[in-house]
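Spelled out, the chains give:
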Amino acid sequence: MICCLLWNQLIVYGISQGAGQLSMIMQAQPVEEIMKDATFPDSLKAKLFLIADVKQYTVDSLGLKPSKNYSTFYNQHQKPLLFTITACEPYSFKPKEWTFPLLGSVSYKGFFNKEKAKKEFYKLKEEGYDVDIYSPSGWSTLGWFKDPIQSNMLEKSDGSLINLIIHELSHGTLYVKNNVNFNENLANFIGDKGTELFLIDKFGTNSKAYLDYQHHKKDDKLFADYMLKSTERLDSLYHTFSNEPDSVKKAKKRQLITTIVLGVNRLPFYKPKNYFRYSLQAFFEGNAFFMAFTRYDSQYELFEKEYTEKFGSNLRKYLDFLKKTYP
C-alpha cells in the first residue's frame, strides 16, 4: 500500500514537472527569430552570439556532445521559473534524498509551481529538516528536452554566462546515476576550466573578460573554501552532541554559525560584492546552506590534481578519459 502510494505520488510529480518544462519549451522562440527582432537590444543579441560560440567550442575544443540545447530563447519576464528544494538533518550533514527513475537518488527536488514548492518546504520544516529553497540560474534535462536560453541568463557577466552554459552542457555528456555530489562537482570543474580556455582562445590572457573572470573565480573560491572549512567546524560540533536538550543544541549551533558569518567580513576578497549578505542565509537555512558547498565545491582539488598530473592540464584528454570511465 505504501509503495503504491509513493509510486502514485512520483507519477503525479513527474507529470507536473514535465508539464512545466513542456510549457516553457513550447513558448520558447528560435534564436534566429530573436536575432531578427529589431526591438531586442543589441547588447543582449551579443550574449546570444556568445552562447552559440561557447556551444560550438565545447564540441570542437572540449569534446562535449553536440546538443540542441540553448538554440531557443524563453522570456521569463524577470520571474523565477524553477524552485529547487534541498533539505538536511539539523545536527548532521545527512541530506534528504528523493529517488526518481533514470536519475536515481538525488538530494534536491524541483518545482515549476511556487505554491507546490512552498508546500514541500513547510512540510520538510515540520519534519525537522534544515531546508533551502532557491531558484537556479539554469538546469539540465540531460537531453530529454531542448533546454532554452532563459532571459535572466543574459544579465550575467560574460564569464559567469560562459561558465553556466558549459556547466549545464557537461551534464548532458557526463552523468553518474546516484551521485549528485560527483556530478555537480565535476560540472563545476569543467565549467571553470572550460571558461578559462574559451576566454583565452577568444580574447587572450590580457583581456578584460579573462581578468575579470579570474578575479571573480578567486573570490568565489575563497568564499567556498571558507564555507567548506566552516562545514567541518559544524560537523565537529555535532559530533560532541549527546543527550543535551534540543534547545542547547540549537543555541550552540546558532552561536557557531554567527561566528562563521561574521568571519566572512575578514576574508580578503578582491571585490566583496554580496558575500556577507549571502552568508546571512545560513541563519535561516542551517545545514542546507552549508551542504550546497559540499555538493558543488568539495571535490575541485581532486579533479584539479588528476587533470594536471595525469593529463597535463589538457581538458579534452581528461574529458575523453572521463567519458570512457563513466559511459
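Okay, so let's go over this structure. These figures come from a predicted structure and were not determined experimentally.

The rules behind these values
Residues numbered from 1 in each chain as written. Predicted model: local features only at pLDDT ≥ 70, side-chain atom pairs only at ≥ 80, totals over all residues. Heavy atoms only, no water. Helix = DSSP H or I, 4+ residues; strand = E, 2+ residues; numbered from the N terminus. Buried < 20%, exposed > 50% of the residue type's maximum accessible area, 1.4 Å probe, protein only. Lys, Arg positive; Asp, Glu negative; His and termini not counted. Salt bridge = Lys/Arg side-chain N within 4 Å of Asp/Glu carboxyl O. Pairing = 2+ DSSP bridges. Axes fitted to C-alpha atoms, helices over the stretch in contact; angles between N-to-C directions. Parallel < 35°, antiparallel > 145°, perpendicular 65-115°, else oblique. Contact = heavy atoms within 4.5 Å. Nonpolar A, V, L, I, M, F, W, Y, C, P; charged D, E, K, R; others polar. Phe/Tyr/Trp six-rings, centres within 6.5 Å; stacked < 30°, edge-to-face > 60°.

## Digging into the side chain of Asp132
Take Asp132: it is sitting in strand β7 (residues 130-134). Although Asp132 lies buried, it forms no salt bridge, and the closest oppositely charged side chain, Arg295, sits 6.3 Å away as judged by the N-O distance.

## Comments concerning the sheet that holds strand β8 (residues 149-150)
With mixed pairing, the three strands of this open sheet are ordered in space as β1-β2-β8. Of all the strands in the sheet, just β1 (29-30) and β8 have a single pairing partner and so form its edges.

## What to know about the packing of helix α6 (residues 180-203) against helix α11 (residues 287-297)
Remark: α6 packs on α11, axes separated minimally by 6 Å, with the N-to-C direction vectors making an angle of 65°. With respect to α11, the element α6 is oriented roughly perpendicular. Contacts from Val180, Asn181, Glu184, Asn185 and Asn188 of α6 reach α11 at Thr294, Arg295, Tyr296 and Asp297. Taken together, the residues of the contact of α6 with α11 break down into two nonpolar, four polar and three charged.

## Points about the pattern of salt bridges
A complete count under the given rule lists 17 salt bridges for this structure. As a salt-bridge pair, Lys217 and Asp192 come within 3.3 Å of each other at their nearest N and O atoms. Remark: Asp192 occurs in helix α6 and Lys217 occurs in helix α7 (residues 208-238); sequence separation between them is 25 residues. Considered together, Lys217 and Asp192 belong to a single accessibility category, that of buried residues. For the salt bridge of Asp212 with Lys208, the shortest nitrogen-to-oxygen distance reads 2.6 Å. Taken together, the residues Asp212 and Lys208, both in helix α7 and four residues apart, mark about one turn of the helix. Classification of Lys208 as exposed rests on a relative accessible area of 61%. Overlapping salt bridges bring together Asp192, Glu196 and Lys217 as one network.

## Some details on unusual backbone geometry
A positive phi angle, near 60°, is found at Tyr70, a position not held by glycine. Mapped onto the secondary structure, Tyr70 falls in the loop between α3 (42-62) and β2 (72-74). With phi around 65°, Asn178 is a residue other than glycine that occupies positive phi space. With respect to the helices and strands, Asn178 occurs in the loop between α5 (158-173) and α6. The class of Asn178 is partly exposed, set by a relative accessible area of 48%.

## Quick word on the environment of Ile34
Secondary-structure assignment places Ile34 in helix α2 (residues 31-36). Since its relative accessible area comes to 3%, Ile34 is described here as buried. If near-sequence neighbours (up to four positions away) are discounted, Ile34 is found in contact with Gln29, Phe40, Lys45, Leu48 and Phe73.

## As for the packing of aromatic side chains
Overall, the coordinates contain 26 aromatic pairs when judged by the stated rule. Ring centres of Tyr57 and Phe198 lie 5.3 Å apart, and the angle between their planes is 85°; on these two criteria the pair is classed as edge-to-face. In this pair, Tyr57 is assigned in helix α3 and Phe198 in helix α6, connecting sequence segments 141 residues apart. For Phe198, a relative accessible area of 3% translates into the label buried.

## Topic: the pairing of strand β3 (residues 83-88)
With six of six residues buried, β3 lies mostly within the body of the structure. Of the two faces of β3, both are covered, the one formed by Phe83, Ile85 and Ala87 as well as the one formed by Thr84, Thr86 and Cys88. Direction of pairing for β3 relative to strand β6 (residues 109-111): antiparallel, over a ladder of three bridges. For Phe83, the partnering residue across the bridge sits in β6 and is Phe111.

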